[in-house]
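Topology and contacts: notes
Chain by chain, the residues:
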Amino acid sequence: MFPNLQILDGQLHLFDARGVAKRFRHAAIFGALDALHPGETMQFVNDHDPLPLIDQMHQRYGGTVEVKYVERQPGNIVIRFTRR
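Residues numbered from 1 in each chain as written. Predicted model: local features only at pLDDT ≥ 70, side-chain atom pairs only at ≥ 80, totals over all residues. Heavy atoms only, no water.

Quick look at the packing of aromatic side chains now. One pass over the structure, following the stated rule, counts three aromatic pairs. Both rings, one in Phe-15 and one in Phe-44, keep their centres 6.4 Å apart while their planes meet at 20°; by these two values the pair is stacked. Of this pair, Phe-15 sits in strand E2 (residues 12-16) while Phe-44 sits in strand E3 (residues 41-46), and the two are 29 residues apart along the sequence. When sorted by exposure, Phe-15 lands in the same class as Phe-44, which is buried. (Phe/Tyr/Trp six-rings, centres within 6.5 Å; stacked < 30°, edge-to-face > 60°. Helix = DSSP H or I, 4+ residues; strand = E, 2+ residues; numbered from the N terminus. Buried < 20%, exposed > 50% of the residue type's maximum accessible area, 1.4 Å probe, protein only.)

If you want it as structure tokens, here you go:
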């Protein structure tokens, strides 16, 4: 269903946004987040810091999704989104 959502260890899933067309990214990311069960984490990889997306996530999910940067370098952003 989500080709970029890959199970790494049963609780950690990979979503590489770089392979998704820009016009579909937010919808695909929200779909992947909606598919997470409480306690599961999506490791998100992107080429830029998705600050507008994170603002939308806070509006949509409130405090039910934790945001933790793993890597925050120009051209290489890795964030873990954990569903609570």
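So, on to the pattern of salt bridges. Scanning the model with the defined rule gives four salt bridges in all. Linking Asp-49 and Arg-72 is a salt bridge whose minimum nitrogen-to-oxygen distance equals 2.8 Å. Of this pair, Asp-49 sits in the loop between E3 and helix H2 (51-61) while Arg-72 sits in strand E4 (residues 65-73), and the two are 23 residues apart along the sequence. (Salt bridge = Lys/Arg side-chain N within 4 Å of Asp/Glu carboxyl O.)

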